[in-house]
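Each chain, letter by letter, is given below.
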Amino acid sequence: MQKLIEGLHRFQSEVFSTQRELFTRLAKGQSPEVMFITCSDSRINPSLITQTRPGEMFSLRNAGNIVPPYSHGTQGEDATIEFALASLKVQHIVVCGHSCCGAMKGLLHPEALEDLPAMKVWLKHAEATQRIMRDNYQHLHGDALLTATAEENVLVQLENLRTHPTVREHLERRAVTLYGWVYKLETGQMFNYDPVSGQFLRLGAPPPRDLVSAEAGRIAG
Ligand code: ZN
């Protein structure tokens with residue numbers, strides 16, 4: 001905890017004081033354009049990997065970046081999603097899974113969850129992922145299987161997201177766009193589901209070398 005206390009001190013003296021204008025504005029309200037639903041895993045820092053600032057992303061995090069199907073307001077997720085769309089008017093919702101995910105391991109090896117009864121119940125919201133993996137991915141093993149599970153789970157959770165009335169209503173009005181992303185811890189790369197090809201394609205790749213030099217030439221000229 002000492003590290004956190006020292007961090008708080010450093011934040012207040014070095015960061016907050018130099019960005020006072022931003023924090024004063026944010027104290028009056030927030031208007032994030034993006035809702036980011038991801039895993040609680042400590043190795044994922046949404047603001048760091050997307051290089052966004054406070055106030056730019058509204059977050060929802062839990063084990064396995066799971067979106068329980070709408071349950072008439074009985075789950076915290078119901079309220080968080082409703083608030084993001086109806087009050088904050090976010091225009092984009094990203095469901096972001098990741099490689100090496102412990103929750104995905106639990107889905108593949110439910111026998112390892114004997115001492116985690118709450119997790120076992122929670123992962124029932126990803127039963128469809130479990131079934132898809134069992135029926136279609138017998139040929140994969142190890143990390144490849146785990147990453148494929150994270151990918152399929154993101155698609156399953158996007159379907160669950162569509163069961164929420166506010167999501168459905170905003171989709172009908174084209175007021176929101178949904179995205180399925182998977183983050184690779186090993187490389188820092190992000191992949192986005194492309195419904196046309198049915199593949200996860202890399203996002204945010206640096207532009208090809210010749211494009212960079214052409215751009216530099218234009219600026220220099
Ligand atoms: Zn995870």
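What you see is a predicted model; the values in this text were computed from it and never measured.

Digging into the overall build of the protein chain
And then number 1: In terms of helices and strands, the protein chain carries 10 helices and six strands.
And then number 2: The buried share of the protein chain, reckoned over its 221 residues, is 34%.
And then number 3: Counted over contacts in the protein chain with a minimum sequence separation of 6, partners at least 24 positions apart contribute 62%.
And then number 4: Per element, the accessible surface of the protein chain, about 13,400 Å² overall, is 55% carbon and sulfur.
And then number 5: Treating the 22 positive side-chain charges of the protein chain as one cloud and the 24 negative ones as another, the clouds have centres 5 Å apart.

So, the domain arrangement of the protein chain
And then number 1: On domain assignment, one finds that the protein chain holds domain 1 (1-29) and domain 2 (31-202).
And then number 2: Look at where the C-alpha atoms of domain 1 and domain 2 centre, and you get two points 29 Å apart.
And then number 3: Facing the five residues of domain 1 at the interface are four residues of domain 2.
And then number 4: At the boundary of domain 1 with domain 2, total buried surface from both sides reaches about 300 Å², with 65% on carbon and sulfur atoms.

Here we look at the environment of Lys124
And then number 1: Secondary-structure assignment places Lys124 in the loop between helix H6 (117-122) and helix H7 (127-136).
And then number 2: Among the residues examined, Lys124 registers a relative accessible area of 51% and is labelled exposed.
And then number 3: Taking C-alpha positions, Lys124 is 38 Å from Leu8, a pair spaced 116 residues apart along the chain.

Topic: the pattern of salt bridges
And then number 1: In total, this model carries four salt bridges according to the counting rule given.
And then number 2: Put simply, Lys120 and Glu114 hold a salt bridge, and the shortest N to O gap is 3.2 Å.
And then number 3: Look at Lys120 and you get partly exposed, because its relative accessible area is 38%.
And then number 4: With its nearest N and O atoms 2.8 Å apart, the salt bridge here joins Arg173 to Glu169.

Side note on the coordination of the zinc ion
And then number 1: Here the zinc ion is held by Cys39 (SG), His98 (NE2) and Cys101 (SG), and the distances to it run 2.1 to 2.2 Å.
And then number 2: Every donor residue of the zinc ion comes from the same chain, spaced as C-x58-H-x2-C. One exposure class covers both His98 and Cys101, and it is buried.

Observations regarding the pairing of strand E6 (residues 199-203)
And then number 1: Inspection of the sheet shows strand E5 (residues 189-194) paired to E6 by five bridges, in the antiparallel sense. Bridging across to E6, Asp194 finds its partner in Gln199.
And then number 2: Linking E5 back to E6 in an antiparallel pair, the connection comprises four residues, with Gly198 at a positive phi of about 70°.

Digging into the nonpolar core
And then number 1: Judged by nonpolar contacts, the single largest core of 21 residues is most densely connected at Met35, Ile37, Ile81, Ile93 and Leu161.
And then number 2: When near neighbours in sequence (up to four residues on either side) are disregarded, Ile81 contacts Met35, Leu60, Val67, Leu161, His164, Thr166 and Val167.

Description of the packing of helix H4 (residues 76-87) against helix H9 (residues 165-172)
And then number 1: Where H4 contacts H9, the axes come no closer than 9 Å and their chain directions differ by 30°. One element, H4, and the other, H9, form an angle in the roughly parallel class. Along this stretch, H4 crosses H9, giving a crossing that reads as left-handed. Contacts from Ile81, Glu82, Leu85 and Ala86 in H4 reach Thr166, Val167 and His170 in H9.
And then number 2: In terms of residue class, the contact of H4 with H9 is built from four nonpolar, two polar and one charged.

What counts and what doesn't
Residues numbered from 1 in each chain as written. Predicted model: local features only at pLDDT ≥ 70, side-chain atom pairs only at ≥ 80, totals over all residues. Heavy atoms only, no water. Helix = DSSP H or I, 4+ residues; strand = E, 2+ residues; numbered from the N terminus. Buried < 20%, exposed > 50% of the residue type's maximum accessible area, 1.4 Å probe, protein only. Contact = heavy atoms within 4.5 Å. Areas by Shrake-Rupley, 256 points an atom, 1.4 Å probe, with all protein chains shown as cover. Lys, Arg positive; Asp, Glu negative; His and termini not counted. Charge placed at Lys NZ, Arg CZ, Asp CG, Glu CD. Domains from an automatic or database assignment. Buried area = accessible area lost by both parts, 1.4 Å probe. Salt bridge = Lys/Arg side-chain N within 4 Å of Asp/Glu carboxyl O. Donors = N, O, S within 2.8 Å, 3.2 Å for Na, K, Ca; no water. Pairing = 2+ DSSP bridges. Core = buried A, V, L, I, M, F, W, Y, C linked by side-chain atoms within 4.5 Å. Axes fitted to C-alpha atoms, helices over the stretch in contact; angles between N-to-C directions. Parallel < 35°, antiparallel > 145°, perpendicular 65-115°, else oblique. Left-handed = near helix turned anticlockwise from the far one by under 90°. Nonpolar A, V, L, I, M, F, W, Y, C, P; charged D, E, K, R; others polar.

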